[in-house]
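Residues per chain are reported as follows:
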Amino acid sequence: MHDQVSVTPPAPEDDAERYGAGVTEASWVPLRTAWEQSLYGERGFYRHNRPADHFRTSPQVAASFAEAVVALARDRNLSSICDIGAGGGELLTQVHRIDPDLRLTGVEVRPPPEDLPQTIGWEREMPTGLTGLVFANELLDNIPCDVVELDFDRWCRLVEVDVLTGDDRLGPVVSGDQWAWLATWWPMTEPGQRAEVGISRDALWAGVCAANPQALCVCVDYGHLAADRPWGGSLSSYRGGVQTAVAYDGWHDITAHVAVDSIAASVTATVRRQRDVLMELGIDGARPPIERAHADPVGYLRDLSRASDRAELIAAGGLGDFVWVSRSPGDRSACVR
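Our subject in this report is the structure included herewith. (Residues numbered from 1 in each chain as written. Predicted model: local features only at pLDDT ≥ 70, side-chain atom pairs only at ≥ 80, totals over all residues. Heavy atoms only, no water.)

## Re helix 2 (residues 31-40)
Buried within helix 2 are the following residues: Leu31, Ala34, Trp35, Ser38, Leu39 and Tyr40. The inward-facing, buried residues of helix 2 contact strand 1 (28-30), helix 3 (45-48), strand 6 (147-150), strand 7 (156-162), helix 8 (199-211) and strand 14 (253-255). (Buried < 20%, exposed > 50% of the residue type's maximum accessible area, 1.4 Å probe, protein only. Helix = DSSP H or I, 4+ residues; strand = E, 2+ residues; numbered from the N terminus. Contact = heavy atoms within 4.5 Å.)

Written out as structure tokens, the structure reads:
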């Protein structure tokens, strides 16, 4: 078995000799910087694109996802929902149709869509002091973070990219907080392994929870636990509904799965698979009785379609594998399962 990552960096002159020779430095930046600019810079992807135009999320799959969010709010006697990373307002619009009495607010970097119901608020800043449901669906996977790789000498190094070509190389050795996070949550043992350092995701969600201590704070994302980290990381791009090579041009989404156990530990929260949460909230894929096909064929086909959509939301190997990280007011111990 290989040793874990060394914490002692090599001499600076050795590092420059091995990784700096023959490279035009002006175009090379830390991967996180290129990721940040590509998504949120002045001409970034999320400044001029709606997520629904490029990939499907649970609210686009089925209105039943909104039904589950409403059921969760009702179960906790909450009268408001704030959707962070609201996209085109799809989830909030569906929630409004189900329960117009709920106070709804979207948080997003773009202006509100023209067809958004007027009673739904729209902000650009993160919320503070809320007492309802603070909800974030597929937000944290789009929060840029440092990407690292273990080299053949077992030094753990930041990955840098050439923003003009998309090529990457290994840069400085990680240390400090980055090393501590990797040692705790994503230790690497084999050369070539990559990891996404989740410090920025942990900090963002911990900040949301700290700013809203009386709210039920829930983030939902594709994620992994310590036992199933992806060997080469999970960085990928999407454009027009198709997964592509990672591109930093502002026209592609860039995403990486979330280390959800680290998120949960940072806020003392519970972690559960989407299929388990939705089924508890009454969202399952049960088909209507076949007898209804004769007595009420139109109603049967409608309910059959609805059941199919619900089944997709809870399907293993698909949306059902999403992870819900929930921090309730007064939570004091983590429960990860």
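## Side note on the sheet that holds strand 14
Across the sheet, which stays open at both edges, the three strands sit in the order 13-12-14 with antiparallel pairing between neighbours. Edge positions in the sheet fall to strand 13 (242-244) and strand 14, since each has one partner strand and no second. The average angle at which neighbouring strand axes cross in this sheet is 35°, direction not considered. Note: strand 12 (residues 236-239) against strand 14, three bridges, orientation antiparallel. Bridged to serine 237 within strand 14 is isoleucine 254. (Pairing = 2+ DSSP bridges. Axes fitted to C-alpha atoms, helices over the stretch in contact; angles between N-to-C directions.)

## Structural notes on the packing of aromatic side chains
Inspection of every chain in the model, using the stated rule, returns six aromatic pairs. Between the aromatic rings of tyrosine 40 and tyrosine 46, the centroid separation amounts to 5.7 Å while the plane-to-plane angle is 15°, which identifies the pairing as stacked. For the pair shown, tyrosine 40 and tyrosine 46 are each scored as buried. A connected cluster of aromatic rings, assembled from ring pairs, spans Tyr40, Phe45 and Tyr46. In this structure, arginine 229 packs its charged tip against the face of tryptophan 186, placed 5.7 Å from the ring centre. (Phe/Tyr/Trp six-rings, centres within 6.5 Å; stacked < 30°, edge-to-face > 60°. Lys NZ or Arg CZ within 6 Å of the ring centre and 35° of its normal.)

## Looking at the pairing of strand 6
Going residue by residue along strand 6, you find Val147 and Glu149 tucked away on one face and Val148 and Leu150 tucked away on the opposite face as well. As paired strands, strand 6 and strand 9 (residues 194-196) are joined by three bridges and run antiparallel to one another. Residue pairing in the sheet places valine 147 in a bridge with glutamate 196 of strand 9. Pairing between strand 6 and strand 7: three bridges, direction antiparallel. Counterpart to glutamate 149 in the pairing with strand 7 is arginine 157. In this structure, the hairpin formed by strand 6 and strand 7 is closed by a connection of five residues, where arginine 154 is found at a positive phi of approximately 65°.

## Describing unusual backbone geometry
With glycine set apart, most residues show a phi of negative sign, and most peptide bonds adopt trans. A positive phi angle is found at arginine 154, which is not glycine, with a value near 65°. Residue position: arginine 154 is located in the loop between strand 6 and strand 7. On the basis of relative accessible area, arginine 154 is assigned to the partly exposed category, the value being 22%. You will see that threonine 268, though not glycine, has its phi angle at about 55°, which is positive. Within the secondary structure, threonine 268 sits in the loop between helix 9 (260-267) and strand 16 (270-273).

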